[in-house]
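One-letter residues, chain by chain:
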Amino acid sequence: MYNSKIIGLGYYVPENVVTNDDLSKVMDTSDAWIQERTGIKERRHVVKGDGDTTTSMGVKAAKVAIERAGIDKDDIDFIIFATLSPDYYFPGPGVLVQRDLGIKTVGALDVRNQCSGFVYGISVADQYIKSGMYKNILVVGSELHSHGLDMSTRGRGVSVIFGDGAGAAVLSREENLEKGILSTHLHSEGQHAEELSLIAPGMGKRWVNDIIEDNDPNDESYYPYMNGQFVFKNAVVRFSQVILEGLETNNLTPTDIDLLVPHQANLRISQFIQKKFGLQDDQVFNNIMKYGNTTAASIPIALTEAWEAGKVKEGDLLVLAAFGSGFTWGSAIIKW
Ligand code: UT7
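Since the structure is predicted, the reported quantities are computational estimates derived from the model, not experimental observations.

### Description of the nonpolar core
And step 1. With 37 residues, the main nonpolar core has Ile243 and Leu260 as its most contacted residues.
And step 2. Of all the secondary-structure elements, those providing two or more residues to this core are helix H8 (228-249), helix H9 (267-276), strand S12 (317-324) and strand S13 (328-335).
And step 3. Ranked by the residues each element gives to this core, the list is headed by H8, at seven residues.
And step 4. Phe118, Ile122, Ala169 and Phe285 belong to the second-largest nonpolar core, a separate cluster that totals 33 residues.

### Quick look at the environment of Gln191
And step 1. Take Gln191: it is sitting in the loop between strand S8 (180-188) and strand S9 (196-197).
And step 2. Owing to a relative accessible area of 63%, Gln191 belongs among the exposed residues under this scheme.
And step 3. Residues Gln191 and Ile334, 143 residues apart in the sequence, show an inter-C-alpha distance of 30 Å.

### Regarding the pattern of salt bridges
And step 1. Under the counting rule described, the total for this entry stands at 13 salt bridges.
And step 2. A salt bridge links Asp22 to Lys25; the nearest nitrogen and oxygen atoms lie 3.7 Å apart.
And step 3. A salt bridge links Lys179 to Glu314; the nearest nitrogen and oxygen atoms lie 2.7 Å apart. With Lys179 in the loop between strand S7 (165-174) and S8 and Glu314 in the loop between helix H11 (298-308) and S12, this pair connects stretches of sequence that are 135 residues apart.
And step 4. With a relative accessible area of 63%, Glu314 lands in the exposed category.

### Let's talk about the sheet that holds S13
And step 1. An order of S8-S13-S12-S11 is seen for the four strands of this open sheet, with the pairing classed as mixed. Sheet topology places S8 and strand S11 (259-262) at the edges, where each strand pairs with a single neighbour. This sheet shows a mean twist of 10° between the axes of neighbouring strands, independent of strand direction.
And step 2. The pairing of S11 with S12 spans four bridges and is parallel. For Val261, the partnering residue across the bridge sits in S12 and is Leu320.

What counts, and where the lines are drawn
- Residues numbered from 1 in each chain as written.
- Predicted model: local features only at pLDDT ≥ 70, side-chain atom pairs only at ≥ 80, totals over all residues.
- Heavy atoms only, no water.
- Core = buried A, V, L, I, M, F, W, Y, C linked by side-chain atoms within 4.5 Å.
- Buried < 20%, exposed > 50% of the residue type's maximum accessible area, 1.4 Å probe, protein only.
- Helix = DSSP H or I, 4+ residues; strand = E, 2+ residues; numbered from the N terminus.
- Salt bridge = Lys/Arg side-chain N within 4 Å of Asp/Glu carboxyl O.
- Pairing = 2+ DSSP bridges.
- Axes fitted to C-alpha atoms, helices over the stretch in contact; angles between N-to-C directions.

This is the structure:
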């Protein structure tokens, strides 16, 4: 039996900055509304034709993580890729990363758990490493939202929130069982699947053939839908529960937390959790102001930035927590 620990982190965001004022030129919104309701000031959007894709951004983040891990790409024995915006409907981006990084023919797994995707990914990686099956696993979270958003006023409740980017981590075997990932906690409640969803193109409610035949510009089923207030209310409850579950499993309390890195869904959600657990400003890492919500990429980007800023130190107790579409939610308790 082993533990797993994160030995390398990296992120990549496209250069193109889209401010709230930029959005207000194409839809009826305002900098004041977006900042007040979400905390977001700007986000990154891939420029069409630049060549960046979910996979290529993931590959760029992965290269940094692998280099910082101080291992060779050929030391990686499994790949996990979390995204809701894959390059292709199938195959998933895991195999594209294996190809584009020139990694030998190791297994590549795609995770479809949206905002919780990275936490689900490191949970899977942790189990493989704990059991001794694999030694070094690359976990990537990457999203290219901007090409799939409804950028008209009709879509403003969703489109102003999401941004593009990627983050990656290399998890490796740790023999000291008091260090590394102490536990992970995963949940789902499919009853609310449609409350935050993209229905088409799927093989369920909107068949691809129907969409092509209808050719209906008013068809909204291929844009993401979110029942914002309902999602918000569930998020604050589930974030709190799953953080507490993780702490209690390890006989810890909120006062033991050195740094909480929450999924960057809405600054108001992070602030609610901070207040609930009595954490100081420097104990909760937020960067939603700069990048918006990058779903599966949001935790690895935030964790990398926190690490780069020297906010993650040896021996610190770190909590990662996520909630999103599915609904799915999860946490990871890490002794750095
Ligand atoms: O990452 C996965 C998890 N996601 C989340 O956790 C997101 C959770 N939800 C939220 O963050 C918030 O619900 C939103 C930021 C999405 C929306 O904020 P809200 O305070 O819940 O606003 P609302 O949806 O209740 O809309 C309030 C008003 C509406 O107008 P009326 O009906 O009061 O006249 C909307 O039409 O704001 C309007 N509105 C906008 N106005 C300007 C909605 N979007 C915009 C916009 N700009 N972008």
